[in-house]
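Listed here are the chains, written in short residue letters.
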Amino acid sequence: MTTHTSTPLRGSCECGACSTEVKAVPKARFRCHCLICQAFNGKPYADVVAVRAKDVTLKGADNISFKKYRSPPNFDRGLCRTCGKPVVEIAGAGPFKVMFIPAGNFEHEARLPPVRFDMFYHRRVLDMPGSLPRYSGYYPSLLAVGKMIMSGL
């Protein structure tokens, strides 16, 4: 039985100055172990939920400091100006615009879909338990995310 069926899903940064409301059931969740995600999140990996941007309401956007890290991929990564914690990462454009929101930002993490895979696993700081697919290397990792987004969103 899955518990991730009701919406909206609400979340915020650590201090609550920036918040998100997701109006559709997220279809995708993964962990990224790349060096940029490690630095951006201040953790060994990023556990994120991917949702279509049109399904997200972002409150406190004027309090988010966006920065582009080296590309590709061409992501805008946003930190709260007050607490300095991640709020959202944005990629794509138009109907293909996707937001990646840290799973830990949500009020009820149990309502989120399960993690589907680990990417950039060759950059990991911690080994992950379990038998989820693990992708190492730049292209295999990007292809895994692209395939997930195209099939799940």
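Per chain, the residues get numbers from 1 upward, laid out in the order the sequence is written. The predicted nature of this model means local features are confined to residues of pLDDT at least 70 and side-chain atom pairs, given and counted, to a pLDDT of 80 or more, with totals for whole chains, interfaces and linings taken over all residues. Computation of side-chain values covers all heavy atoms of the structure but excludes hydrogens and water.

This part takes up the layout of surface pockets. Here the term cavity refers to a set of points on a 1 Å grid, laid over the protein atoms alone, in which a 1.4 Å probe fits but cannot get out; the term pocket refers to an open set having protein on both sides within 12 Å along at least five of seven lines, with lining residues being those that place an atom within 4 Å of a point. Grid points are joined across faces, edges and corners, and a volume is the space filled by probe spheres set on the points. There is about 310 Å³ of room inside the second largest pocket. Going along the chain from the N terminus, every DSSP run of H or I of four or more residues is numbered as a helix, and every run of E of two or more is numbered as a strand. The dominant element in the lining of the second largest pocket, judged by the number of residues it contributes, is strand 4 (residues 46–52), at 3 residues. By residue class, the composition of the lining of the second largest pocket is 8 nonpolar, 4 polar and 5 charged. When residue character is reported, Ala, Val, Leu, Ile, Met, Phe, Trp, Tyr, Cys and Pro are called nonpolar, Asp, Glu, Lys and Arg charged, and the others, Gly included, polar.

Attention shifts here to the sheet that holds strand 9 (residues 98–102). Pairs of strands are assigned from DSSP output, requiring at least two bridges between the strands. Strand order across the open sheet formed by 7 strands is 6-7-8-9-4-3-10, with mixed pairing between neighbours. Each edge of the sheet is formed by a strand with only one pairing partner; in this case those strands are strand 6 (64–68) and strand 10 (118–119). In terms of strand pairing, strand 4 meets strand 9 through 5 bridges, oriented antiparallel. If you follow Arg52 over to strand 9, its bridge partner there is Val98.

Stacked, tilted and edge-to-face pairs are distinguished by plane angle, under 30 degrees for stacked and over 60 for edge-to-face with tilted covering the rest, among Phe, Tyr and Trp rings (Trp via its six-membered ring) whose centres lie within 6.5 Å. For the structure shown, the criterion picks out 6 aromatic pairs. Consider the rings of Phe117 and Tyr135, whose centres lie 5.4 Å apart with planes at 90 degrees: the pair is edge-to-face. Of this pair, Phe117 sits in the loop between strand 9 and strand 10 while Tyr135 is found in the loop between strand 10 and helix 2 (138–152), placing the two residues 18 residues apart along the sequence. Throughout this description, buried means an accessible area under 20% of the type-specific maximum (1.4 Å probe, protein chains only), exposed means over 50%, and partly exposed covers the range between. Judged by its relative accessible area of 5%, Phe117 is buried. Owing to a relative accessible area of 30%, Tyr135 belongs among the partly exposed residues under this scheme. Here the aromatic cluster, defined as three or more aromatic residues joined through ring pairs, consists of Phe30, Phe75, Phe100, Phe117 and Tyr135. Placement of a positive charge over a ring is assigned whenever Lys NZ or Arg CZ falls within 6 Å of the ring centre and within 35 degrees of the normal to the ring plane. It is Arg31 that lies over the ring of Tyr45; its NZ or CZ is 5.9 Å from the centre.

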